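# Chain and residue survey
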Amino acid sequence: MRALLIPFVFAGFCQAAQASDISSAYTDLDWKKDCVTYAQAEEGDGDWADLACSGYRGYPVLIAYDDARESLFYGFPPGSDMTSVWESFSGFNSSGAKIEWRIETTGDKAVPFAVIHRRSISNPDDQNRPTEVLLVAKVGQMDARDGCTVGLVLATGNPAANDQARKLADEKARTFACGKDRHTVIGNVPAFGRVDN
């Protein structure tokens, strides 16, 4: 009987050793300190700029700014032309100064698979009170280069927003098919779109 139990105990240890943990890491996003502008509008060519910023352990954050609206890509993009992955709110918006990265750790390997990033969207009814939204995005990996918005969680007046955003990130981001799957919306979130939607 003891001889029969040994393989099961050993298998249990192997599974425990391979089990992964999910945790959070935080990085700052300061356009002046953490970003480099690699393209921008010439005089008379509108108001736009493309920036590359430092993210989590070599994973970049790319910002496409156009007419007081921001589209952010987290991780490694599909190519140099970011037009195909443009996602933003219809209203004027800006990104928060802190990014939460959801990290899956298996043994010595730690991979950021999602981010949670606060966005402020202008409120046409009251310019002094923007709408706060937590944007949950899939991180583009070096091999797949597939990143996009997985969900939007209304943060204004929602004390459960952070927990809802983490649950959404942990349950959906790793298997989310960008350009095919529809992002989840929790709460009355301002209009948001993707180029290929």
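Basis of the calculations
Residues numbered from 1 in each chain as written. Predicted model: local features only at pLDDT ≥ 70, side-chain atom pairs only at ≥ 80, totals over all residues. Heavy atoms only, no water. Core = buried A, V, L, I, M, F, W, Y, C linked by side-chain atoms within 4.5 Å. Buried < 20%, exposed > 50% of the residue type's maximum accessible area, 1.4 Å probe, protein only. Helix = DSSP H or I, 4+ residues; strand = E, 2+ residues; numbered from the N terminus. Contact = heavy atoms within 4.5 Å. Pairing = 2+ DSSP bridges. Axes fitted to C-alpha atoms, helices over the stretch in contact; angles between N-to-C directions. Disulfide = S-S within 2.5 Å.

### Here we look at the nonpolar core
Core analysis: the biggest nonpolar cluster contains 27 residues, and Leu29, Val61, Tyr74 and Trp101 have the highest contact counts within it. Looking at this core, the elements that each hand over two or more residues are strand S3 (48–56), strand S4 (59–66), strand S5 (69–74), strand S7 (93–106), strand S8 (109–121), strand S9 (131–138) and strand S10 (148–154). Top contributing element to this core by residue count: S3, with 4 residues. Discounting residues that sit within four places of it in the chain, Tyr74 has contacts with Pro60, Val61, Ile99, Trp101, Val115, His117, Leu135, Ala137, Lys138, Val139 and Gly140. Core analysis: the second largest hydrophobic core is formed by 16 residues, Leu134, Val136, Val153 and Ala169 among them.

### A word on the environment of Leu154
Relative to the elements of secondary structure, Leu154 occurs in strand S10. Considering only alpha carbons, one finds Leu154 and Leu134, 20 residues apart in sequence, at a separation of 6.3 Å. Those residues in contact with Leu154, other than ones at most four positions away along the chain, are Thr131, Glu132, Val133, Ala161, Ile186, Gly187, Asn188 and Val189.

### Considering the sheet that holds S3
If you trace the 4 strands from one edge of the open sheet to the other, you get S2-S3-S4-S5, paired in antiparallel fashion. A strand with exactly one partner marks an edge of an open sheet, and here the two such strands are strand S2 (35–40) and S5. Each adjacent strand pair in this sheet contributes to an overall mean axis angle of 20 degrees, direction not counted. The sheet contact formed by S2 and S3 spans 5 bridges and is antiparallel. In the sheet register, Ala39 faces S3, and the bridge partner there is Asp50.

### Here we look at the state of the cysteines
Tallying each qualifying case throughout the model produces 2 disulfides. The side chain of Cys35 participates in a disulfide bridge whose partner is Cys53; the two sulfur atoms lie 2.1 Å from each other. Measuring the twist about the S-S bond at about 105 degrees, one finds the Cys35-Cys53 disulfide to be right-handed. With Cys35 in strand S2 and Cys53 in strand S3, the pair connects residues that are 18 residues apart, well separated along the chain. Residue Cys35 shares its accessibility class with Cys53, and that shared class is buried. Note that Cys148 is cross-linked by a disulfide to Cys178, the S-S spacing being 2.1 Å. An S-S torsion of about -80 degrees defines the bridge between Cys148 and Cys178 as left-handed. With Cys148 in strand S10 and Cys178 in the loop between helix H3 (161–172) and strand S11 (184–186), the pair connects residues that are 30 residues apart, well separated along the chain. Comparing Cys148 with Cys178 shows no difference in burial state: the two are buried. In the protein, the cysteines engaged in disulfides, taken in order along the sequence, are linked 1-2, 3-4.

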